[in-house]
Amino acid sequence: MPVKKGTKGKIVYFSPAEWAEVERRSKALHMRTGSYIRLISVQGEIKKYDNAALNKVSVEISKIGTNINQIVHLANSVHSVNAKDFQKLKAWMDVLKEKSEEWFKPLLYNLDYLDRYEDEKNADSR
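Describing the overall build of the protein chain
Assigned secondary structure in the protein chain consists of four helices and zero strands. Its helices and strands taken in sequence order, the protein chain reads α-α-α-α from the N to the C terminus. Expressed as a percentage of its 126 residues, the buried residues of the protein chain come to 13%. Counting only contacts in the protein chain whose residues sit at least 6 apart along the sequence, the fraction spanning at least 24 positions is 52%.

Quick word on the pattern of salt bridges
All chains considered together, the criterion is met by two salt bridges. When the shortest N-O distance is used, the salt bridge between Arg 24 and Glu 21 registers 2.5 Å. Taken together, the residues span about one helical turn, with Arg 24 and Glu 21 both in helix 1 (residues 16-28) at a distance of three residues. For Glu 21, a relative accessible area of 28% translates into the label partly exposed. Measuring nitrogen to oxygen at the nearest pair gives 2.8 Å for the salt bridge that ties Arg 25 to Glu 21. Here Arg 25 pairs with Glu 21, and both are found in helix 1, just four residues apart, close to one helical turn.

Describing unusual backbone geometry
Backbone geometry places His 30, a non-glycine residue, at a positive phi of 55°. Tracing the chain through its elements places His 30 in the loop between helix 1 and helix 2 (33-43). Overall, the relative accessible area of 74% leaves His 30 in the exposed class.

Side note on the confidence of the model for the protein chain
When pLDDT is averaged along the protein chain, the result is 78, and 77% of the positions lie at 70 or above. Element-level mean pLDDT values for the protein chain span from 70 in helix 4 (residues 83-124) up to 93 in helix 1.

A few points about the packing of aromatic side chains
For the structure shown, the criterion picks out one aromatic pair. Seen in terms of ring centroids, Phe 14 and Trp 19 are 5.3 Å apart; in terms of plane orientation they differ by 55°. Their pairing is tilted.

Thresholds applied
- Residues numbered from 1 in each chain as written.
- Predicted model: local features only at pLDDT ≥ 70, side-chain atom pairs only at ≥ 80, totals over all residues.
- Heavy atoms only, no water.
- Helix = DSSP H or I, 4+ residues; strand = E, 2+ residues; numbered from the N terminus.
- Buried < 20%, exposed > 50% of the residue type's maximum accessible area, 1.4 Å probe, protein only.
- Contact = heavy atoms within 4.5 Å.
- Salt bridge = Lys/Arg side-chain N within 4 Å of Asp/Glu carboxyl O.
- pLDDT = per-residue confidence, 0-100.
- Phe/Tyr/Trp six-rings, centres within 6.5 Å; stacked < 30°, edge-to-face > 60°.

Written as structure tokens, this is what we have:
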């Protein structure tokens, strides 16, 4: 494999047990071992998130959105909106927005980092 100008290389030795662990971890993340070693060396840690939990949150948010749409549809059909109920609904939407940003911000940061890493890696290989 040709070495790109300006890149640095380092030979690193692993015991058989260490190498088995590196391979196990890189396979768990569906990464090549070299990519895993480079990323873990630069970032310090790689977090893997349980997509099932994320999917559950997404489904719950979707259900809330459906309920809100039904309320709005009903309010439009009877041409009457109770101001108190509207304020309650708005307060719940504000809480939902705040909490979802709180939940997703760390995940989105890590996904963005991995996306940028993959983009840089793909750009370098061209």
